[in-house]
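Spelled out from the first residue to the last, the chains are:
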Amino acid sequence: MTHPGDDMYDTLRGFLDTERRAQRDFLAALVRVPSDNPPGDCAPHAEAAAKLLEEMGFTVERHPVPAELCAANGMISATNLVIRKRFGSGDGLVIALNAHGDVVAPGEGWSTDPYGAEIIDGVMYGRGVAVSKSDFATYAYALKALDALAAEGVALDGTIELHLTYDEEVGGAIGPQWLLDTGISKPDLAISAGFAYQVVTAHNGCLHLEVTVSGRSAHAAKPETGHDALEAATAILTMLYGLRDGLKATRSAVPGIDHPTLVVGLIAGGINTNVVPDKVVLRLDRRLIPEEDAAVVEAALRLAIEDAAEGLPGISVAIHRLLLATPLGPLPGVERLTGPLSRHASAVLGEEIGTGGLQIYTDARHYMAAGVPTVLYGAGPRSILEANGHRADERLVLADLDKATLVVAATLAELLRGGGEGGDN
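Model, not experiment: these values are computed from the prediction.

Participant: Mind showing me how you'd approach the overall build of the protein chain here?
Facilitator: Helix and strand counts for the protein chain come out as 11 helices and 15 strands. Relative to a compact globule of 425 residues, whose C-alpha radius of gyration would be 22 Å, the protein chain shows 24 Å and is just as compact. Long-range pairs, those at least 24 residues apart, make up 81% of the contacts in the protein chain with a sequence separation of at least 6. Surface summary for the protein chain: the accessible area is close to 17200 Å², and the carbon and sulfur share equals 51%.

Shown next, in the form of structure tokens:
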């Protein structure tokens, strides 16, 4: 298996072996600071992470997100962290590594403290330990290893940036998208948080809609004097579930991605048991495969909902988009990442590691939307289910953290040694 020079590869491995305990302690410290989103008061975690990174010798840029933008995105506070490390002349590639520090709330059913970062038989448990505080550790220590390589006299040219953000759970608009839109970063290539056993080049998109069905209340003894919003919502639900069944026939050509899905995840309404409901609110999640056009899907779904309620007396329907995350698909130039990542991952893991897709949506799509070739790769198992992502007992096999860090470091070394002209993204 080809490496960027045996001596260089040995230097990276040797350095990371000496840092293994420190890297695990760094990850544990991140897990022990809550950063649940919602409620999304994540600036304290960013400050804790920044201080840890500064203790490692990094210069950390703090980019607080304006309060009004946080509020508009359903958050209390967020600070984006950026680390830039220039090698050589800095005229080579600019490569961004993005991971998010916000997490979903722990929920019930844990066998360990969700903020304890307890290690049992080589596995660390805790909320965010895999999704994706792990890749704060992967990327930071890969960058440290690259610095150690340069100190050994290996000629590297280019810039590595760490983008550590805090709004992935609510869409990424004030994290990666904000860093790119404001010009804080203009990378040529990007790697986003992922898993060690696959180089991901595509993932699903997601549309969240809130549907408000309004009628008129009435006494239950005289229901004919009102307009039943729940009855109308039932017609909409029947249509949606019929539509869901039909989505199974639309198959994706991307390995690892099956078909579109639709879930009605939340319903609320009514006044009391003896009152005709005057309002019902539904929230639905429609997952898009990479081949679908998000605008076309949304327009068709809106029309279907409106048609389902059309003609019902006294009923009105309002539809509000909560989230539209476009699917991720490979951009021209992504092979500059997939080649070395797959090659080094195959060597380190001892099995063939290829490319494919995931049935989730991530912040990687913001880099793609900005024209930056992007893949997902980081520390973790073969699937988000194995990691218990978003479930009780979220877990990370620490050996996978070690391996993924070496893979990322070797890939970055190869890219910066290979030169390559910086782009105008």
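There is more to say, and it comes next.
Participant: Sorry, what's going on with helix H5 (residues 133-151) here?
Facilitator: One turn of the α-helix equals 3.6 residues, which is why residues spaced by three or four share an orientation. Between the first and last C-alpha of H5 there are 28 Å, a value that for 19 residues agrees with the 27 Å anticipated at 1.5 Å per step. Among the 19 residues of H5, 16 are classified as buried, and the element is accordingly described as predominantly covered. Of the residues flanking the end of H5, it is glycine 153, one or two places downstream, whose phi is positive at about 100 degrees.

Participant: Can you help me understand the sheet that holds strand E9 (residues 205-214) in this one?
Facilitator: Hydrogen bonds between backbone atoms are what pair the strands of a sheet, whose relative direction is either parallel or antiparallel. On the basis of which strands lie adjacent, the open sheet formed by four strands has the order E10-E11-E9-E12 and antiparallel pairing. The two strands at the open ends of the sheet, each matched to only one other strand, are strand E10 (261-269) and strand E12 (316-325). The average undirected angle you get between the axes of adjacent strands in this sheet is 15 degrees. Two elements, E9 and E12, share nine bridges in a ladder whose sense is antiparallel. From the neighbouring strand, cysteine 206 faces E12, where its bridge partner is alanine 325. Contacting E9, E10, strand E11 (279-288) and E12, helix H7 (residues 229-247) runs over the sheet at an angle of about 165 degrees to E10. In the packing of helix H8 (residues 294-309) onto the sheet, the strands contacted are E9, E10, E11 and E12, and the crossing angle to E12 comes to about 160 degrees.

Participant: Got a minute to help me understand the nonpolar core in this structure?
Facilitator: Generally speaking, nonpolar side chains in soluble globular proteins are found buried as a group. Of all hydrophobic cores here, the largest spans 92 residues; its most connected members are Leu53, Leu81, Ile95, Leu97, Leu146, Ile160 and Tyr377. If one sorts the elements of this core by residue count, helix H11 (residues 398-417) sits on top with 12 residues. With 25 residues, the next largest nonpolar core counts Leu237, Val280, Ile315 and Ile319 among its residues.

Participant: Would you explain the sheet that holds strand E4 (residues 118-120) in this entry?
Facilitator: With antiparallel pairing, three strands are arranged side by side in an open sheet as E4-E5-E15. A single partner strand is all that each edge strand has here, and the edge strands are E4 and strand E15 (395-397). Ignoring strand direction, the axes of neighbouring strands in this sheet form an average angle of 25 degrees. Relative to strand E5 (residues 123-125), E4 runs antiparallel, the two sharing three bridges. Across the sheet, residue glutamate 118 finds its bridge partner in E5, namely tyrosine 125. Sheet strands touched by H11: E4, E5 and E15. Its angle to E15, the strand with the most contacts, is close to 60 degrees.

Participant: I tried to follow the pattern of salt bridges on my own but got confused; where do I start?
Facilitator: If the charged atoms of two oppositely charged side chains come close together, the side chains can form a pair. Taken as a whole, this structure holds 18 salt bridges when the rule is applied. With a shortest N-O distance of 2.7 Å, aspartate 402 and arginine 24 are connected by a salt bridge. Residue aspartate 402 is found in helix H11, and its partner arginine 24 is found in helix H2 (residues 20-31); the two are separated by 378 residues along the sequence. Given a relative accessible area of 15%, aspartate 402 falls into the buried group. Its salt-bridge partner being glutamate 210, residue arginine 283 comes within 2.9 Å of it at the nearest N-O pair. Of the two residues, arginine 283 sits in strand E11 while glutamate 210 sits in strand E9, which places them 73 residues apart along the sequence. Three or more residues joined by partner-sharing salt bridges are found here, namely Asp17, Arg20, Arg24 and Asp402.

Participant: Whenever I open this one, the domain arrangement of the protein chain confuses me. Can you help?
Facilitator: The figure often quoted for interface size is the accessible area lost as the parts come together. Segmenting the protein chain into domains produces domain 1 (4-203 + 327-418) and domain 2 (205-325). Summarising the inter-unit geometry, the C-alpha centres of domain 1 and domain 2 are found 36 Å apart. Between domain 1 and domain 2, the residue contacts involve 13 residues of the former and 16 residues of the latter. Buried surface at the junction of domain 1 and domain 2, both sides included, amounts to about 1000 Å², of which 63% is carbon and sulfur.

Participant: I tried to follow the side chain of arginine 287 on my own but got confused; where do I start?
Facilitator: Mapped onto the elements, arginine 287 comes out in strand E11. With near-sequence residues (within four places) excluded, arginine 287 lies in contact with Asn204, Gly205, Cys206, Pro260, Thr261, Glu292, Gln359, Ile360 and Tyr361.

Participant: Sorry if this is basic, but what is going on with the packing of helix H9 (residues 335-349) against H11 here?
Facilitator: For any two helices packed against each other, one specifies the crossing angle of their axes together with the interaxial distance. With their axes 9 Å apart at the nearest point, H9 and H11 run at an angle of 140 degrees to one another. Here H11 runs oblique to H9, going by the angle between their axes. For the element pair H9 and H11, the recorded crossing hand is right-handed. Between H9, through Arg336, Leu337, Pro340, Leu341, Arg343, His344, Ala345, Val348 and Leu349, and H11, the contact on the second element is made entirely by Lys403, Leu406, Val407, Ala410, Thr411, Glu414 and Leu415. Its residues placed into classes, the contact of H9 with H11 shows 10 nonpolar, two polar and four charged.

Participant: Even after reading the chapter, I still don't get the packing of aromatic side chains, so can you show me in this structure?
Facilitator: According to the stated counting rule, one finds two aromatic pairs in the structure shown. Judged by centre distance (6.0 Å) and plane angle (65 degrees), the rings of phenylalanine 26 and tyrosine 141 are edge-to-face. Of this pair, phenylalanine 26 sits in helix H2 while tyrosine 141 sits in helix H5; the two residues are 115 residues apart in sequence, bridging distant segments of the chain. For tyrosine 141, a relative accessible area of 3% translates into the label buried. Taking the centre distance of 6.2 Å and the plane angle of 80 degrees together, the rings of phenylalanine 136 and tyrosine 166 count as edge-to-face. Taken together, the residues span a long stretch of sequence, with phenylalanine 136 in helix H5 and tyrosine 166 in the loop between strand E6 (158-165) and helix H6 (176-181) at a distance of 30 residues. Directly above the ring of phenylalanine 87 sits lysine 85, whose terminal nitrogen or CZ lies 5.9 Å from the centroid.

Conventions and cut-offs
For every chain, the first residue of the written sequence is number 1, and numbering continues from 1 along that sequence. Local features in this predicted model are restricted to residues whose pLDDT is 70 or higher, and side-chain atom pairs enter the listing and the counts only when it is 80 or higher, whereas totals over whole chains, interfaces and linings include all residues. The side-chain figures draw on all heavy atoms in the structure; neither hydrogens nor water molecules are used. We count a stretch as a helix when DSSP gives it H or I for four or more residues in a row; a strand needs E for two or more, and each element gets its number in order from the N terminus. Only C-alpha atoms enter the radius of gyration; for comparison, a globular chain is expected to reach 2.2 Å times N to the power 0.38, where N is the number of residues. Here, residues are in contact when the closest pair of their heavy atoms is within 4.5 Å. Per-residue and other accessible areas were derived by the Shrake-Rupley procedure at a 1.4 Å probe size, with only the shown protein chains allowed to occlude residues. To estimate how far a helix should reach, multiply one less than its number of residues by 1.5 Å. Whether a residue is buried, partly exposed or exposed follows from its accessible area with a 1.4 Å probe, protein chains only, as a fraction of its type maximum: under 20%, in between, or over 50%, in that order. A strand pair is defined by DSSP finding two or more bridges across the two strands. Think of each axis as a best-fit line through the C-alpha atoms, taken over the contacting stretch in the case of a helix, with angles from 0 to 180 degrees between the N-to-C directions. Grouping buried Ala, Val, Leu, Ile, Met, Phe, Trp, Tyr and Cys residues that are joined through side-chain atoms within 4.5 Å yields what is termed a nonpolar core. Salt bridges are identified by distance alone: a Lys or Arg side-chain nitrogen within 4 Å of an Asp or Glu carboxyl oxygen. By convention here, the domain bounds are inherited from an automatic or database domain assignment. What gets called buried area is simply the loss in accessible area from a 1.4 Å probe that two parts show on being joined, summed for both. Orientation labels follow simple angle bins: below 35 degrees gives roughly parallel, above 145 gives roughly antiparallel, 65 to 115 gives roughly perpendicular, and whatever is left gives oblique. Handedness of a crossing follows from how the near helix is turned relative to the far one, being left-handed for an anticlockwise turn of less than a right angle and right-handed for a clockwise one. Throughout this entry, Asp, Glu, Lys and Arg are counted as charged residues, while Ala, Val, Leu, Ile, Met, Phe, Trp, Tyr, Cys and Pro are counted as nonpolar. The remaining residues, Gly among them, count as polar. Note on ring pairs: Phe, Tyr and Trp rings are taken, using the six-membered ring of Trp, and paired if centres are within 6.5 Å. Classes follow the plane angle, with under 30 degrees stacked, over 60 edge-to-face and the rest tilted. Cation placement over rings: the criterion is NZ of Lys or CZ of Arg within 6 Å of the ring centroid and within 35° of the ring normal.

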